[in-house]
Amino acid sequence: GKGHRTGLITVGATDRSDQRSTFSNFGSCVDLFAPGTGIPSAWIGSRRARRIESGTSMAAPHVAGAVAVLLGKHSFSRDAALEELFDS
């Protein structure tokens, strides 16, 4: 992927063993991987409802959280946050 240059981060999913999830994209189009298989998620029905889900839609929030922390650390400098994300 080109996330380090564009700021648009493409995320693939991994499983509990940190292996690529079978449903995940991979290759040069993916910038990085995050947990995406068997993730507890909020669900409909009640405030306490939850469901175990899998997908890159479960992996992406992990990356969004990491980027939010890095943006705070770097006074909201996108370039500095992305540099640390991709260099670590």
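These figures come from a predicted structure and were not determined experimentally.

Trainee: Hey, could you go over the side chain of E53 for me, with residue numbers and the actual values?
Mentor: By the secondary structure assignment, E53 is in strand β4 (residues 50-53). Within the structure, the side chain of E53 is placed 2.7 Å from the side chain of R51, a separation counted as a polar contact. Apart from residues no more than four positions distant in its own chain, E53 is found in contact with G36, T37, G38, I39, S41, W43 and M58.

Trainee: Talk me through the packing of aromatic side chains; I want residue IDs and the actual numbers.
Mentor: When we look at a pair of aromatic rings, we describe it by the centre distance and by the angle of the planes. Evaluated as defined, the whole model comprises zero aromatic pairs. The ring of F26 carries R20 above its face, with NZ or CZ at 4.0 Å from the centroid. Taking the ring centre of W43 as reference, the NZ or CZ of R51 above it sits at 4.3 Å.

Trainee: Could you give an account of the pattern of salt bridges, naming the residues involved and the relevant values?
Mentor: Per the counting criterion, the structure on display carries three salt bridges. Residue E53 pairs with R51 through a salt bridge whose shortest N-O separation is 2.7 Å. In this structure, D79 and R78 form a salt bridge, with 4.0 Å as the shortest nitrogen-oxygen distance. For D79, a relative accessible area of 56% translates into the label exposed.

Trainee: Mind laying out helix α2 (residues 56-73), listing which residues take part and the relevant values?
Mentor: Between its terminal C-alpha atoms α2 stretches 26 Å, which fits the 26 Å expected from 18 residues at 1.5 Å a residue. Considering only its buried residues, α2 is in contact with β1 (11-14), β2 (32-35), β3 (39-42), β4 and α3 (78-87). The first or second residue beyond α2 is S75, which carries a positive phi of 50 degrees.

Calculation criteria
- Residues numbered from 1 in each chain as written.
- Predicted model: local features only at pLDDT ≥ 70, side-chain atom pairs only at ≥ 80, totals over all residues.
- Heavy atoms only, no water.
- Helix = DSSP H or I, 4+ residues; strand = E, 2+ residues; numbered from the N terminus.
- Polar contact = N/O pair within 3.5 Å; in protein donor to acceptor, adjacent residues only side chain to side chain.
- Contact = heavy atoms within 4.5 Å.
- Phe/Tyr/Trp six-rings, centres within 6.5 Å; stacked < 30°, edge-to-face > 60°.
- Lys NZ or Arg CZ within 6 Å of the ring centre and 35° of its normal.
- Salt bridge = Lys/Arg side-chain N within 4 Å of Asp/Glu carboxyl O.
- Buried < 20%, exposed > 50% of the residue type's maximum accessible area, 1.4 Å probe, protein only.
- Expected span 1.5 Å × (residues − 1).

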